[in-house]
Amino acid sequence: MRRRAADYRRPVRRRSSCWIWALLSLFFLAGFVLFLFHHNHDHQEDWVDQQPIMERDARSVQVANEQLNSTEEISRTYSYARQLAEQMTLAKAYVVIAKEHNNLHLAWELTSKIRNCQFLLSKAAMREQPITLDEAEPVIKSLSSLIFKAQDAHYDIATTIMTMKSHIQALEERANAATVQSTVFAQLATEALPKNLQCLNIKLVSDWLKKNKLQELAIEKNNSPQLVNKNLYHFCIFSDNVLAVSTVINSTVANSEHPNQLFFHIVTNRVNYGPMQAWLLTNDFKGSTFEVKNVEDLLWLNESYSPIVKQLNEEDVQAYYFKGSQDFNVEPKLRNPKYIYLLNHLRFYIPEIYPQLEKVVFLDDDVVVQKDLTPLFSLDLHGNVNGAVETCLEAFHRYYKYLNFSNPIISSKIDPQACAWALGMNVFDLVAWRKANVTARYHYWQEQNADKMIWKLGTLPSALLAFYGLTEPLDRRWHVLGLGYDPNIDNRLIESAGVIHFNGNMKPWMKFGIGKYRHLWERYVNQTHPYLQDCFAS
């Protein structure tokens, strides 16, 4: 069959081309819109980049919180307060350098501008509003021009760095000296007797001297047959603080099931003997009994018998603790006179002071009793002399932390990893003490430490040595320590404690004692007593 000519063929339908053109048109339109948007966005960014830095900062300040404090304001990267603070720091450095180069006029100009900065910062802090552009711009410009002027005066970076290093070193030395001085003052405050306690002592001395009946009653108490009654529970307290001793007794009898079976043996010094007797004799302790001794009346405790008495009476020791020193390398606590008070060492002579007693509980004057302590007397110490709470739950409280184990005498006889224990609430079996001759062991170690090369201070190191191998661990809840220096003791531990101990410098009768613990001590103080009301209210 013959094909038709090309002109007479049926045209082919091209519907797909319409859709292609439509899609291309849409793509073109979208591209045009994106081009316009992107061009406009770039134009805006260029406009923002051309703005001055201070104007951008002003806009950021406007959206910031209007009541920022000064610390937050200075910490902001682009805040005017931070710019002013940084410029002031640099200007202060140039003030020092200008003075050293005798350029007093430049130093005066810089100082004046620094004062303007300080005034502006304090003004903003007072009103609790950020510094505005109008306020900051003139100050920053004027201070910047002065800093450039200082740089033109050949105060280069190297000179500035060297000068600042020397001044930083001088400031560090001054800061160290101030730290030592503040520590010394704090130590003096802990050593001093508060004014209200002095007032109480004066009133009690007056009573003791005026009232003969008190002295007669004291003689009767000291000759009581109850002194050696083995059916009573005997406690020992050695202190010169009348109110502290009274609080220990009050807390002990208040928590005892049988307070009339308690006997307190108190030893104080000559100065406080009268006030101690007057206070204890005129107060009610729920039927418990007591005696008070004067340490100066223990005539057998002399230099020929006791090495510690001999050491404490040496002139260089007295001078070291009482005359002071300008040697700031020595820690102030090492010069605390309490370490040479004989009352602190008297605990090592309990069997000699009370030869007829068999078991006692020793209490420091800075403890508060919260449970009945009479069960301590029935504890089995398994032949040991001392019952005490161990303190080596942390690595610090090991023997090597208290003693110098480079000394061959110590290293050959003592285990450095032995667990330390606490003084302040101890059960002493005096029969086992006399059998082991613990006092002689104490004398031996005191003689070995005459040059202070085994330990530096305190009674705990000598006690650790004297009772080494003779200590029975007690339940930790019997004795909780740290209330005189640690404000973060677990309240549950305090509540469950038989005895809480205010060891440390912040005693509860001091104004700087830790406030959260003070009520634990004050609740056993007879605050209705007229003497206490007079002395503590004034």
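Residues numbered from 1 in each chain as written. Predicted model: local features only at pLDDT ≥ 70, side-chain atom pairs only at ≥ 80, totals over all residues. Heavy atoms only, no water.

Q: Sorry, what's going on with unusual backbone geometry here?
A: Negative phi values dominate among residues other than glycine, just as trans dominates among peptide bonds. Unusually for a residue other than glycine, His382 sits at a positive phi of about 55 degrees. Although it is not a glycine, Lys452 sits at a positive phi angle of roughly 60 degrees. By secondary structure assignment, the location of Lys452 is in the loop between α18 (438-448) and α19 (460-466). A residue is classified by how much of its surface remains accessible, and Lys452, at 31% relative accessible area, is partly exposed. (Helix = DSSP H or I, 4+ residues; strand = E, 2+ residues; numbered from the N terminus. Buried < 20%, exposed > 50% of the residue type's maximum accessible area, 1.4 Å probe, protein only.)

Q: What is the right way to read the nonpolar core from this model?
A: The tendency in soluble globular proteins is for nonpolar side chains to be buried side by side. Of all hydrophobic cores here, the largest spans 60 residues; its most connected members are Ile249, Phe264, Ile266, Leu280, Leu363 and Leu483. Among the elements that make up this core, the one with the highest residue count is helix α10 (residues 242-254) (seven residues). Excluding its chain neighbours within four sequence positions, the residues that come into contact with Ile266 are Ile237, Val245, Ile249, Met276, Leu280, Phe290, Glu291, Val292, Lys293 and Tyr354. (Core = buried A, V, L, I, M, F, W, Y, C linked by side-chain atoms within 4.5 Å. Contact = heavy atoms within 4.5 Å.)

Q: Got a minute to help me understand helix α21 (residues 515-522) in this structure?
A: At 3.6 residues per turn, the α-helix brings residues three or four places apart onto the same side. All buried positions along α21 are accounted for by Tyr517, Arg518, Leu520 and Trp521. Along the axis of α21, the buried residues cluster in a sector spanning 160 degrees; they form a single face. Buried residues along α21 sit against α10, β5 (367-369), α20 (491-495) and β10 (499-501). (Arc of directions from axis to C-beta.)

Q: What should I look at first to understand the state of the cysteines in this one?
A: A covalent bond bridging the sulfur atoms of two cysteines is what the word disulfide describes. Under the definition given, this model contains two disulfides. Here Cys392 is linked by a disulfide to Cys419, with a sulfur-sulfur distance of 1.8 Å. Judged by the sign of its S-S torsion, about -100 degrees, the bond between Cys392 and Cys419 is left-handed. Pair noted here: Cys392 is in the loop between β6 (386-388) and α16 (408-411) and Cys419 is in the loop between α16 and β7 (425-429), with a separation of 27 residues, a long-range link. According to the relative accessible area criterion, Cys392 is buried, its value standing at 14%. Sequential numbering of the bridged cysteines in the protein gives the disulfide pattern 1-4, 2-3. (Disulfide = S-S within 2.5 Å.)

Q: For this particular structure, what's the right way to read the sheet that holds strand β9 (residues 479-480)?
A: Two pairing modes exist for strands in a sheet, parallel and antiparallel, and in both the strands are linked by backbone hydrogen bonds. The strand order β5-β10-β9 describes an open sheet built from three strands, whose pairing is mixed. One side of each edge strand has no neighbouring strand; the edge strands of this open sheet are β5 and β9. Pairing between β5 and β10: three bridges, direction antiparallel. Its bridge partner being in β10, Val367 is matched across the sheet by His501. (Pairing = 2+ DSSP bridges.)

Q: Got a minute to help me understand the packing of α10 against helix α11 (residues 270-281) in this structure?
A: When two helices pack together, their arrangement is captured by the angle between the axes and the distance separating the axes. Contact geometry of α10 with α11 gives a least axis separation of 10 Å together with a crossing angle of 35 degrees. As for how α10 packs across α11, the hand of that crossing is right-handed. Residues Val242, Val245, Ser246 and Ile249 of α10 form the contact with α11, whose participating residues are Pro275, Met276, Trp279 and Leu280. When the residues that make up the contact of α10 with α11 are grouped by side-chain class, the tally is seven nonpolar, one polar and no charged. (Axes fitted to C-alpha atoms, helices over the stretch in contact; angles between N-to-C directions. Left-handed = near helix turned anticlockwise from the far one by under 90°. Nonpolar A, V, L, I, M, F, W, Y, C, P; charged D, E, K, R; others polar.)

None of the figures reported here should be taken as evidence of function without further support.
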